[in-house]
2 protein chains.
Amino acid sequence: MQTHTTDIDILLSDGIKATPPSFVRSILKAASDPNVTSFAGGLPNPISFPQEDLMESMRRVVEKQGANAFQYSVTAGIPELRRWIADRYNHRFGTDYTEEDVLITTGSQQILDLLGKTLLDKGDGVIVEKPTYLAAIQAFAMQQPVFHQVELTDEGLNIDKLNEALDKGAKMIYMIPNFQNPTGLTYSARGRELVREALKDRNIVVVEDDPYGELRFEGDSLPYIGGTALPHGVIMGSFSKTVTPGMRVGYLLTKDHELLRNLSIAKEAADLHTNVFAQYVIVDYLEHHDLDEHLVKIRDLYRTQAKAMTDAMEEFFPESVQFTKPEGGMFLWVTLPEGIRSMDLFPKALEQNIAFVPGDPFYPEPGAYSTMRLNFTNADEETIRDGIKRLADVLASELKG
Amino acid sequence: MQTHTTDIDILLSDGIKATPPSFVRSILKAASDPNVTSFAGGLPNPISFPQEDLMESMRRVVEKQGANAFQYSVTAGIPELRRWIADRYNHRFGTDYTEEDVLITTGSQQILDLLGKTLLDKGDGVIVEKPTYLAAIQAFAMQQPVFHQVELTDEGLNIDKLNEALDKGAKMIYMIPNFQNPTGLTYSARGRELVREALKDRNIVVVEDDPYGELRFEGDSLPYIGGTALPHGVIMGSFSKTVTPGMRVGYLLTKDHELLRNLSIAKEAADLHTNVFAQYVIVDYLEHHDLDEHLVKIRDLYRTQAKAMTDAMEEFFPESVQFTKPEGGMFLWVTLPEGIRSMDLFPKALEQNIAFVPGDPFYPEPGAYSTMRLNFTNADEETIRDGIKRLADVLASELKG
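The structure contained in this document is the topic of the report that follows. The model shown is predicted, which means the values in this text are computed figures rather than measured ones.

Topic: the pattern of salt bridges
Residue and element names in this part refer to chain B. Counted according to the given criterion, the structure contains 54 salt bridges over all chains. The shortest N-O distance in the salt bridge between K267 and D271 comes to 3.0 Å. Placement of the pair is K267 and D271 together in helix α10 (residues 257–271), with a separation of four residues, close to one helical turn. You'll find K267 and D271 in the same group, each marked buried. With a shortest N-O distance of 3.1 Å, R390 and D386 are connected by a salt bridge.

A few points about the relation of the copies chain B and chain A
Overlaying chain B on chain A yields an RMSD of 0.0 Å, the required transformation being a rotation through 180° with an accompanying axial translation of 0.0 Å. Between the two chains, the operation in question is that of a two-fold axis.

As for the interface of chain B and chain A
In this complex, chain B contributes 84 residues to the contact, which on the side of chain A involves 84 residues. Summed over both sides, the interface between chain B and chain A buries roughly 7200 Å², with carbon and sulfur atoms accounting for 61% of that surface. Across the pair K117(A) and D113(B) runs a salt bridge whose closest N-O atoms are separated by 2.7 Å. Seen at the junction of chain B and chain A, the total is 36 residue pairs in polar contact (both at pLDDT 80 or more). Examining the composition of the side of chain B that touches chain A, we find that nine residues originate from one element, α10(B), more than from any other. For the side of chain B that touches chain A, the residue count by class is 39 nonpolar, 27 polar and 18 charged.

Focus on the nonpolar core
M58(A), F277(A), L374(A), M58(B), F277(B) and L374(B) are the most contacted members of the largest nonpolar core, which has 236 residues in total. L374(A) has contacts with F39(A), M309(A), M313(A), M330(A), F331(A), L332(A), V334(A), F356(A), I388(A) and L391(A), leaving out every residue within four places of it along the chain.

Things to note about the packing of aromatic side chains
What the rule picks out here adds up to 28 aromatic pairs over all chains. Centre to centre, the rings of F93(A) and Y224(A) are 4.8 Å apart; their planes meet at 50°, and the pair counts as tilted. Separated by 131 residues along the polypeptide, F93(A) in helix α6 (residues 79–93) and Y224(A) in the loop between β6 (205–209) and β7 (233–238) bring together distant segments of the chain. The buried category is assigned to Y224(A), whose relative accessible area is 9%. Clustering of aromatic rings is evident, with ring pairs tying together W84(A), Y89(A), F93(A), Y224(A), F239(A) and Y251(A). One Lys or Arg, R373(A), reaches over the ring of F331(A) and ends 3.9 Å from the middle of that ring. When the ring centre of F316(B) is taken as origin, the NZ or CZ atom of K389(B), which lies over that ring, is 5.7 Å away.

About the thresholds
- Residues numbered from 1 in each chain as written.
- Chains lettered and ligands numbered in written order.
- Predicted model: local features only at pLDDT ≥ 70, side-chain atom pairs only at ≥ 80, totals over all residues.
- Heavy atoms only, no water.
- Salt bridge = Lys/Arg side-chain N within 4 Å of Asp/Glu carboxyl O.
- Helix = DSSP H or I, 4+ residues; strand = E, 2+ residues; numbered from the N terminus.
- Buried < 20%, exposed > 50% of the residue type's maximum accessible area, 1.4 Å probe, protein only.
- Least-squares fit on C-alpha atoms with pLDDT ≥ 70 in both.
- Contact = heavy atoms within 4.5 Å.
- Buried area = accessible area lost by both parts, 1.4 Å probe.
- Polar contact = N/O pair within 3.5 Å; in protein donor to acceptor, adjacent residues only side chain to side chain.
- Nonpolar A, V, L, I, M, F, W, Y, C, P; charged D, E, K, R; others polar.
- Core = buried A, V, L, I, M, F, W, Y, C linked by side-chain atoms within 4.5 Å.
- Phe/Tyr/Trp six-rings, centres within 6.5 Å; stacked < 30°, edge-to-face > 60°.
- Lys NZ or Arg CZ within 6 Å of the ring centre and 35° of its normal.

So, to be careful, I would describe these as geometric facts and stop short of saying anything about function.
The structure is reproduced here in C-alpha cells:
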C-alpha cells in the first residue's frame, strides 16, 4: 500500500500542475484571526444580502413552483431570470439582448472555466490586463495557454502593448473595465473606444468581466467595449455583489450564438445546470423589489469606506507610496517604491495584525512585485483608519530600513 | 462584421470539439410533449423531494446562520455537512472516513469534470464500463483521453478485458457498481472482489460513482471495490436522488489527500465553492429528520414501478428481446436482436408517443447499437404498462419487417 500512496503525482495532469492554488484563499486563515484587521479578503459587506426579503421569496417559490424548484432543470437557466437580466442590460445600456443571449452559471467564476475550456488549447494565446484577477489566471492556467499581459493605464489598456499582444496571436482578451480587480481602475470613455478600435478587425473573443458594475459610487456608467458592438463580445455578470455570493448565481450575455452553444455544452458537462431553487429565489426577489433602491445602500456604504481608506492613506502613507482612487467596486491598489517587495512586507504587516494581498498572484509570471491589493468593504471607518495608520508605520519602517 | 461572426469556429478548442452535446438533453424536448409517455429522462420522482421539511430547514438556517448562509464560503464545503456524510458512510460500510476526506461539489456531475481535469491529459487512458454513463463520457471527452471500454457481465466487469485495458495503461477507472446507469446492473460480491484483485497492484485512481446506492429495493448493500480498500479509491455521492437534484449538491470521499488537494484546486478554479445556502439547508434537513424513513417511501415506489415495467415486458415483449431486472436505481436496459438499431427505432416509437434513450450515447465509439435505456421512476404503473405494451407493438412490427 505504502508504495502506491505516493504514486498519485505521476497520475496528475499537466493542466492541474499548471494551476496555482489561490493565494488569497491560502492566506484567509491567517487573516481570519479576530485580532487581525484584514484588507485581504474580497467579501461583499453583509449589508448587501437582503436576508428577510430572500426568505419571503423562498416561501413564494415553494408555494408557486412546488416540485419544479427542486427538480433537475435546463442548462441555459430558467427563462424568467434570463429575461430579467436581458431587460436590465437593455435598460441600462440601450442594448437589444433577449433571453436567448443569456446563460446562467454557477457564479461568474464558472464562466472563466467555461471560456478556458471552450477556447483555449495548450499554447494558445490569451490577453489579460497587467495585473489581472487571480482566479481568472487560475481558471485559464488549467488549459496551459500563453498569457500576454497588457499594462493598465489611467485610461484603460496601453494600446501599443495591446497591438503587440494581438500581433502575437490570441483567441481571447479578458478585461475588467469597471473598478478592476485588483487595481480599482476604470477604463475611460476614450480608453474604451481605443481598445474597441484596436480589436474590431481582429478575430478574437472579447470578454468583459463586470461583477462590480452596479457598485459605482462616483461618476457615470460607461458603455462596454465589446458587448453587442463586437461580434464575439461576452459580458460577464453576477448577483454575488448585489444580492448574495453564497448562492453562486452568475451569468453571461453574448450575441454570438455559436460561441454560446459551445459554452452551454461545456456547462452541461461541468454541472448540468445552476441550482434552480436559487435561480427562482433570485428572480422572485428581483421581481418583487426595486434593486436600485437596494443598491443605493450598498453604494453609500462602499463610498464611505473607500473614502475612509484613501483619506487615511493621504494622511499617513509615506509620499513615495502611490494608491488608486476607485469610482466603485471593492478594492484599491497600492504601489510601493521600486525594490520593496510586497511579499516580504506581508509577514511584517501580519505581525502588526494587518493583512493585505501582495500583488504577486495577480500576475501569471513570477516576479518581485511591489504592489498590493486592499479591500475596503468589510471594515468600518474607524477600523479602516486605524488599520491604514498601522500599515503606514510598517511601510515607513520598511522604507527607512 | 459578417465575416467575423462565422470565424468563431477557428477559435474553438480541440477539447470542446471533442465533447458531444448530451443526446438525452437534446431529445428531452421531443419527450416533453404531454402526449408522449417518456421513459427517456433520468428524473427522480418528485415524491423524493421533502418540500415542506426543506422549507422548515430554510427558516431555521436563515435564523441560525444569518449572513453566513449568504456569504462566500470555503471550497471544501461546510464542515457540518462533510461530517454528516463521513458518518453516514462509516455507519453503512464500517469505514473510517472523517470530514477531512470529503469534498462537497456542485452536483456529482462536477466530480466528473474535476477528475477529468485533474488526471487526464490528451491521449491518457481512462477505463469505463461498456456501456457507461453518457455524461461521464462527455466530461472526460473534454480532455481528449483514450477510452478503454470493458464489457459488463452479470457479475461486474469482464476480468480478461479489464486486464487487457489495464495493460494498455490508464490513469483512472470509472465504475457505477450499483444499479448502473444505463444498464441497471449491479456488481456481485464476488465480481467486486475480482475487480479489486485486478486493480490492487496497479497505480490507478479507482472511481465508484454511486448516486443510487441508497435506492436499493431488492437484496443487500455490498461493499465498494476501492473506497478505503485501495489507495486511490474515490467514492462519488449525491443528494440528487434522495433529497433534491435542483439544489446541485454532490460529494466525493477519498483517503488520498494529495488527490483531494488537487481536486480542490480544480474545484476552486471551477466555481470557488458549492452554494452554501443549499449546503446548510440539506444538513439541517438531515439532522432534523430520519433519512432512512424518507428513503423507504422512495424505494417502495421505485420497486413497484420497476416491477410494473418488467412484468409488462415479460407479458408483451417479443422473446428475442432481452432486458435487465434492476435491484435498485432508476433505469433498466433492453437488448434487441442483432441488426435492429435502436437509433432507427427511436423515431418510430416517438410516432407512437413512446420515448426512450437509444444505446448510442452510452458508448464513446460510434456504432450500430441494438440497446436502449428505459427509466421507470416517472410514470405510474398503469402508464408504464400501457407504454411498454405500445413499445412492444413497435418492436414486434420492426422484428417482422
